[in-house]
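Analysis of the macromolecular model
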Amino acid sequence: MKLRIINVVGARPNFMKIAPLMLEYQKHPAEFAPVLVHTGQHYDDNMSKLFFDQLHLPKPDVYLGVGSGSHAEQTGKVMVEMEKLLGAAPADLVVVVGDVNSTMAATIVAAKLCIPVAHVEAGLRSFDRTMPEEINRLVTDALADYCFTTSPDADENLRREGVPAEKIAFVGNVMIDTLLGLKEVSQQSDISRRLGLNAEFGFVTLHRPSNVDSKEILAEILSALDVVQKKLPLVFPVHPRTVNRLKQFGRWDELQRWTNLKLVEPVGYLDSLWLMANAKLVLTDSGGMQEETTVLGTPCLTIRENTERPITITEGTNTLVGTSHAKIVAEANRVLEGHGKKGRIPKFWDGKAAERIVHRLLEHRSKR
Ligand code: UD1
């Protein structure tokens, strides 16, 4: 009997993580019957469809269409729809990735229906429970039957929380499987021509609620970006949450007038990869970009007080700069003076993580 695997994605960072698994299942057609479920947490074309196209993801088999809402609304809607779906056609395994609301919601439903759950990118901890993703990570890992991790610190976190060793497998980083698979193609991106970029530029993204939902914190970060953009042109694809806040706080029109800041719509995966690979410096509060810049060897200044991805600091090119004007400007200057971190690529961030996961799932199948 084929293993019917429900693979759940919802938001932009999930798509890069599921893509290599969907490819890997195809190598075992007699063993797996994968189903791709998109919750619809992200729904704009440039936050979702563009990624499906560029990552060669199959069209979702099921689209739940939950859309935006408060945390409870969004989580609740995914749970209701997932319960209907799993009730109508039983599954052998639910695979969830990352730490978004859809990840946690699907996990809770599957666990209550006694369907085994595999969490890809388990064990990451920022130890900051004001971060919604930290709650999602804790709940998901507490309920998961398989915790697939990207780094040894994640294994350690899980062990400390009492997760039995047999549930934990250090397999590497599926998002890096995608990066390595598409890096060459991304070099053909014409975003540099479209944006009229010169040789040197910086790449900025901001979307964390802790940074963009507070008028004061956002103002402090913007004041630092203003200093940096006077030395280095900055490309800033603006997340819809951030657009809303910049307009609400009356900063949107002013930013359009900054001479060296290019505010653009959210970019697709290939453009993003090109920008990260070719930037002199990345300034971000994204989780995934801390890892991607580490592999690409680009200095990354993370505009947060903490990270759930410490290996990008100890081994990679990442530096935590917090949200203070002085620290952001000082660290950006260090990079511009040629003192950016070099780093090395962490173990198992080698393009084979999905292969390792599927190997484990084959073992799971044979035990049934
Ligand atoms: C979500 C994830 C976050 C991830 C991020 C990547 C949670 C708790 N957060 O945050 O971990 O890093 O995605 O982007 O799951 N919106 C649109 N179009 C869309 C999607 C969102 O306009 O396609 C707007 C809506 O106004 C929405 C807001 O963006 O209310 C926030 O979207 P939401 O999915 O709630 O959270 P993100 O900030 O995107």
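A brief look at the structure comes next. Each chain has its residues counted from 1, following the order in which its sequence is written. With pLDDT at 70 or above as the cut-off, local features in this predicted model cover only qualifying residues; side-chain atom pairs require 80 or more to be listed or tallied, and sums for whole chains, interfaces and linings still use all residues. Here the side-chain values reflect all heavy atoms present in the structure, with hydrogen atoms and water set aside.

**A look at the packing of aromatic side chains**
Pairing of aromatic rings covers Phe, Tyr and Trp, the last counted by its six-membered ring, and requires centre-to-centre distances within 6.5 Å; plane angles under 30 degrees mean stacked, over 60 mean edge-to-face, and any other angle means tilted. A complete count under the given rule lists six aromatic pairs for this structure. Note on Phe15 and Phe51: the rings are 6.5 Å apart at their centroids and 45° apart in plane angle, and the pair reads as tilted. Residue Phe15 is located in helix α1 (residues 12-25), and its partner Phe51 is located in helix α2 (residues 49-54); the two are separated by 36 residues in the primary sequence. The buried label goes to any residue with under 20% of its type's maximum accessible area, the exposed label to any with over 50%, and the partly exposed label to all in between, with areas taken from a 1.4 Å probe on protein chains only. When its relative accessible area of 3% is taken as the criterion, Phe51 is described as buried. Between Tyr25 and Phe32 the ring centres are 5.5 Å apart and the planes differ by 65°, which places this aromatic pair in the edge-to-face class. Taken individually, Tyr25 and Phe32 each receive the classification buried, so the pair is uniform in this respect. Three or more aromatic residues joined by ring pairs form one cluster here, namely Phe15, Phe51 and Phe52. In this structure, Lys347 packs its charged tip against the face of Phe348, placed 4.8 Å from the ring centre. Both a distance and an angle decide whether a charge sits over a ring: NZ of Lys or CZ of Arg must be within 6 Å of the ring centre and within 35 degrees of the ring normal. Residue placement shows Arg356 over the ring face of Phe348; its charged tip is 3.8 Å from the ring centre. Think of it this way: any DSSP run of H or I at least four residues long counts as a helix, any run of E at least two long counts as a strand, and we number them from the N terminus.

**So, helix α16 (residues 325-339)**
For α16, the complete set of buried residues consists of Ile328, Val329, Glu331, Ala332 and Val335. We call two residues in contact when some of their heavy atoms are within 4.5 Å. The inward-facing, buried residues of α16 contact α10 (215-229), β11 (281-284), β12 (300-302) and β13 (318-320).

**Describing the pairing of strand β4 (residues 93-97)**
Most of β4 sits out of view: five of its five residues are buried. At least two bridges found by DSSP between two strands are what make those strands a pair. With four bridges connecting them, strand β1 (residues 3-9) and β4 associate as parallel partners. For Ile5, the partnering residue across the bridge sits in β4 and is Leu93. Sheet topology note: the β4/strand β5 (residues 117-122) ladder contains four bridges and is parallel. The residue bridging Val96 from the neighbouring strand is His119, located in β5. A crossover gets the label right-handed when its path from the first strand over the helix to the second runs clockwise, viewed with the strands pointing away from the viewer. Between the parallel elements β4 and β5, the chain passes through helix α4 (residues 101-112) in a crossover that is right-handed.

**Topic: unusual backbone geometry**
In this structure, His56 is a non-glycine residue whose phi angle is positive, near 55°. Note that His56 resides in the loop between α2 and β3 (62-63). Phi is positive for Phe348, which is not a glycine, with a value near 70°. Here Phe348 shows up in the loop between α16 and α17 (353-367). Residue class for Phe348 comes out partly exposed when judged on its relative accessible area of 24%.

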